[in-house]
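Secondary and tertiary structure notes
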Amino acid sequence: MATRKGFFRDEGLDVLTITMRTNIAVNALLTRSVDYATPSTSAIKAATAGLPVKLIAVLLGRPDYFLTVKKEIRSLKDLKGKRVAIGAFGAAADLALRTVAKQDGLDPDRDLIRLQMGGAASRYAALIAGSVDATILTLPYNLQAEKAGYKDLLWFGERMELPLSGLVARDETIQKNPKQVLAVVRAVFRAMSFAGANREETTQIIVNWLKVDQEVAAKSYDLGKNSWSAGGIVSDAAVKVLVDQAILEIKGKDTVPLDKVRTWSFAEQARRELANAGIAR
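What this report covers is the structure whose coordinates are included nearby. (Residues numbered from 1 in each chain as written. Predicted model: local features only at pLDDT ≥ 70, side-chain atom pairs only at ≥ 80, totals over all residues. Heavy atoms only, no water.)

A word on the sheet that holds strand β8 (residues 165-170). Spatially, 3 strands are ordered β1-β8-β2 in an open sheet, and the strand pairing comes out antiparallel. The open sheet has two edge strands, β1 (36-39) and β2 (53-60), and neither has a second partner. Adjacent strand axes in the sheet meet at a mean angle of 30 degrees when their direction is disregarded. Pairing of β2 with β8 involves 6 bridges; the strand directions are antiparallel. Bridge assignment links Val-53 to a residue of β8, and that residue is Arg-170. Each of β1, β2 and β8 touches helix α2 (residues 22-30); the most contacted strand, β1, lies at about 155 degrees to it. (Pairing = 2+ DSSP bridges. Helix = DSSP H or I, 4+ residues; strand = E, 2+ residues; numbered from the N terminus. Axes fitted to C-alpha atoms, helices over the stretch in contact; angles between N-to-C directions. Contact = heavy atoms within 4.5 Å.)

Laid out in structure tokens, this is it:
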């Protein structure tokens, strides 16, 4: 959106956006193949492990995950003993599932049969094939599952904050080129404000960009908007959940200060400047 509406250009930036898998995007950032990346959870894990990157803004402050289930399943407790497809153990979706399961009195390790099945397309296929009773899906796969006779039992964003998507930069860029960092954040925040205020045009961009029909695009917009970050940041508690998970995975013993993995100074300044300019964030 920031590219299509000229917001990057207004900041004097010539930006090329490249679609990459999450792990590749973070590696590309570290090797200077790209200047910014969007996978927040992977970046926080990398920073926790001591790599020189930081989360500088949040785009999705609440998980855009849906727990999609067979129609006969009416509550989370009904999942006890059932097969649930996840991407990978310890990944953000698995972490979200474990969190809400515990909130409803389930032990995710003993009560749920969690099966690693890769990306959303694979998990959707497993659900439709009857290989699992439930899975975690993102838009538009949950909408396709709904048409096939399944239902969304839960939107995870109702229960928790989790910074799934944002802007990540190298420490070097933050230190040596702070004006550029601020310009990037400002342009992206303008895009989010525009998208929030212009449903019809944004929906049409979704149709053209993602090659989905108008109905799916409109529902994706309406549901997905609930996950957007209102102020470009999330609480320290939400960041700490991912830091703690990363420490667990690397078998670390020391605590990691949150200032090592995120800085909100650019987001806060961009938000102030846009507010002063009459562009709500």
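Time to look at the nonpolar core. In this structure, Tyr-65, Leu-67, Leu-79, Leu-97, Ile-136, Phe-156 and Val-239 are the most contacted members of the largest nonpolar core, which totals 48 residues. Elements supplying a minimum of two residues to this core: α2, α3 (40-48), β2, β3 (66-69), β4 (83-86), α4 (92-103), β6 (134-137) and α11 (236-249). No other element matches the 7 residues that α4 contributes to this core. Excluding anything up to four places from it in sequence, Phe-156 contacts Pro-63, Tyr-65, Phe-66, Leu-67, Ala-96, Leu-97, Val-100 and Ile-136. Grouped together as the second largest cluster of nonpolar side chains are 26 residues, Tyr-36, Ala-187, Met-192 and Leu-274 included. (Core = buried A, V, L, I, M, F, W, Y, C linked by side-chain atoms within 4.5 Å. Buried < 20%, exposed > 50% of the residue type's maximum accessible area, 1.4 Å probe, protein only.)

Let's shift gears to the packing of aromatic side chains. According to the stated counting rule, one finds 4 aromatic pairs in the structure shown. Summarising the aromatic geometry, the rings of Tyr-65 and Phe-156 are spaced 6.4 Å apart at their centres and angled 85 degrees between planes, so their arrangement reads as edge-to-face. Placement of the pair is Tyr-65 in the loop between β2 and β3 and Phe-156 in the loop between β7 (151-155) and β8, with a sequence separation of 91 residues. Of the two residues, Tyr-65 and Phe-156, neither departs from the other in class, the shared state being buried. (Phe/Tyr/Trp six-rings, centres within 6.5 Å; stacked < 30°, edge-to-face > 60°.)

Position of Thr-173 relative to the elements: it lies in helix α7 (residues 171-176). In this view, Thr-173 contacts Tyr-36, Pro-178, Gln-180 and Val-181; residues no more than four positions away in its chain are not counted.

Here we come to helix α5 (residues 120-129). Owing to its 3.6 residues per turn, the α-helix brings residues three or four apart onto one side. Among the residues of α5, those classed as buried are Ala-120, Arg-123, Tyr-124, Ala-126 and Leu-127. Seen from one end, α5 has its buried residues packed into an arc of 160 degrees, which puts them on one side. Buried residues in α5 make contact with β3, β4, β6 and α6 (141-147). (Arc of directions from axis to C-beta.)

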